[in-house]
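Here is how the chains run, residue by residue.
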Amino acid sequence: MDQSALDALRRIVDTPQRVVITTHYNPDADALGSSLGWAGYLRKKGHTVTVITPSESPRFLCWMEGNEDVVEFGAKTAQRAAAEAAAAEVIFCLDFNALGRLNDLEPIIRNAKAPKVMIDHHQLPEDFATVVISEPSAAATAQLIYQLILELGDRALLDISIGECLYAGLMTDTGSFRHPSTNPEVHRMAAELIELGVNTSRIHRLIFDNNSLGRLQFLGYVLSQKLNVLPEFRTAYVALTSEELRRFNSQTGDTEGVVNYVLSIENVVMAVLLIEREQEIKLSFRSVGDVAVNEFARKHFSGGGHRNAAGGRSTDSLEETIRRLIASLPEIREALEKVS
């Protein structure tokens, strides 16, 4: 970890002030868990903290301590979010490295006068922050938050609530500890959180075994009616229209994990989920082995992320985006075929 960045962070953390924490659009467990875990820690340090998310969070994350006070950006909260950002003395940007990931919240954060601190584990960070702690080798931003608290000498400030938030981010971003990013440090952190008193089985149940009936029916439809397998490329994809999302009354988080089901198909080594939104198509990529979906997403769909988990977007129609996706697969065919 860069010592100069750590020293700058220490000066910020040791001076109680008015803080805003924000994270990326459609926050997942790492985004929200990192934000709420860091917020809990900063409050113990004497800071006044407001967490602002660019959109609502999935229902299966509502149990996290502090979630009830999160400002979810929207038409009804835009004025408050703008006021909090304008009054902030420092803004922490967690689990994203480009302000475009904030969607409609971006101009408010970008134009805020407060210095910005980026804490993130994605590649190729945008140059917008005063202090940058960027560690692409980290399994999750939650892991970075945990390490920072220890590096700052504040292990004693960790409690079960903070630990639960950080464990949720660590568990989900490692795919329940099965992704290649799961190294000894990841397991050491998990073990230390268990020693702290975190009930890991409870957190797993709250996140993965807490489905609404509607979400399960939606998942059944997706897997039975929308799955497309391209055996010649060892690739499978699901494309969902906005009409289908409305038909099933899809809520935030209902599509979470769908792409992982697609990747679990025998002999499939790359999976893609395409979702039609109001003004663009959102793509989620997953892969195994040396299939670098972050590079593929960056080249063809204005995206990026990690080697085996990435995102992208397209302003073409859903049909044209699918056509471009399939047309681009031959260039990575060799990598797809090599995966054992």
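It should be noted that the structure appears before, not after, this text.
The numbering scheme is per chain: residues are counted from 1 as the chain's sequence reads. At least 70 in pLDDT is required for a residue's local features to be given in this predicted model, at least 80 for side-chain atom pairs to be given and counted, and no such filter applies to totals for whole chains, interfaces and linings, which use all residues. As a rule here, side-chain values come from all non-hydrogen atoms in the structure, and water together with hydrogens is ignored.

S.K.: Sorry if this is basic, but what is going on with the packing of aromatic side chains here?
M.R.: By convention here, two paired aromatic rings are described through the distance between centres and the angle between planes. When the centres of two rings from Phe, Tyr and Trp lie within 6.5 Å, Trp using its six-membered ring, the rings pair. Their planes under 30 degrees apart give stacked, over 60 give edge-to-face, and anything left gives tilted. Counting across every chain of the model gives nine aromatic pairs. With 5.1 Å between their ring centres and 35 degrees between their planes, tryptophan 38 and tyrosine 41 make a pair best called tilted. You can see tryptophan 38 and its partner tyrosine 41 sitting in helix H2 (residues 29–44), three residues apart, about one turn around the helix. By relative accessible area, tryptophan 38 is classed as buried at 0%. Using a relative accessible area of 0% as the deciding quantity, one classes tyrosine 41 as buried. Aromatic ring contacts, followed pair by pair, group Trp38, Tyr41 and Phe92 into a single cluster. Numbering of helices and strands runs from the N terminus, with a helix taken as a DSSP run of H or I at least four residues long and a strand as a DSSP run of E at least two residues long. Burial status follows relative accessibility: with a 1.4 Å probe on protein chains alone, a residue under 20% of its type maximum counts as buried, one over 50% as exposed, and anything between as partly exposed.

S.K.: I tried to follow a positive patch on the surface on my own but got confused; where do I start?
M.R.: Residues Arg101, Arg277, Lys282 and Arg313 make up a contiguous surface patch of positive charge. Looking at the secondary structure, you find arginine 313 in strand E12 (residues 309–314). Nonpolar side chains (Val, Leu, Ile, Met, Phe, Trp, Tyr) within 5 Å and like charges within 9 Å form the patches, drawn only from residues with over 30% relative accessible area and no salt bridge. Here the accessible surface of atoms and residues is derived via Shrake-Rupley with a 1.4 Å probe, and residues count as covered only by protein chains that are part of the display. By definition, a salt bridge exists where a carboxyl oxygen of Asp or Glu is found within 4 Å of a side-chain nitrogen of Lys or Arg. When charges are counted, Lys and Arg are positive and Asp and Glu negative, with His and the chain ends excluded. A charge is said to be at NZ when it belongs to Lys, at CZ for Arg, at CG for Asp and at CD for Glu.

S.K.: What is the right way to read the sheet that holds strand E11 (residues 304–305) from this model?
M.R.: Spatial ordering of the open sheet is given by E7-E8-E9-E10-E12-E11, a layout of six strands whose pairing is mixed. Sheet topology places strand E7 (227–230) and E11 at the edges, where each strand pairs with a single neighbour. Note: two strands are recorded as paired if DSSP finds a minimum of 2 bridges between them. The sheet contact formed by E11 and E12 spans two bridges and is antiparallel. Counted as the bridge partner of glycine 305 is alanine 310 from E12.

S.K.: Help me understand the side chain of aspartate 120 in this model?
M.R.: Structurally, aspartate 120 is set in strand E5 (residues 116–120). One buried charged side chain, aspartate 120, makes no salt bridge at all; its nearest oppositely charged neighbour is arginine 101, positioned 6.9 Å away. Nitrogen and oxygen atoms within 3.5 Å of one another constitute a polar contact, given that in protein one can donate a hydrogen and the other can accept it, and given that sequence-neighbouring residues count only through two side-chain atoms. Within polar-contact distance, the side chain of aspartate 120 engages the side chain of histidine 122 at 2.7 Å. The contact rule is simple, with two residues in contact once any of their heavy atoms fall within 4.5 Å. Residues within four places of aspartate 120 in sequence aside, it is in contact with Asp95, Phe96, Asn97, Ile133, Ser134, Glu135, Thr141 and Leu144.

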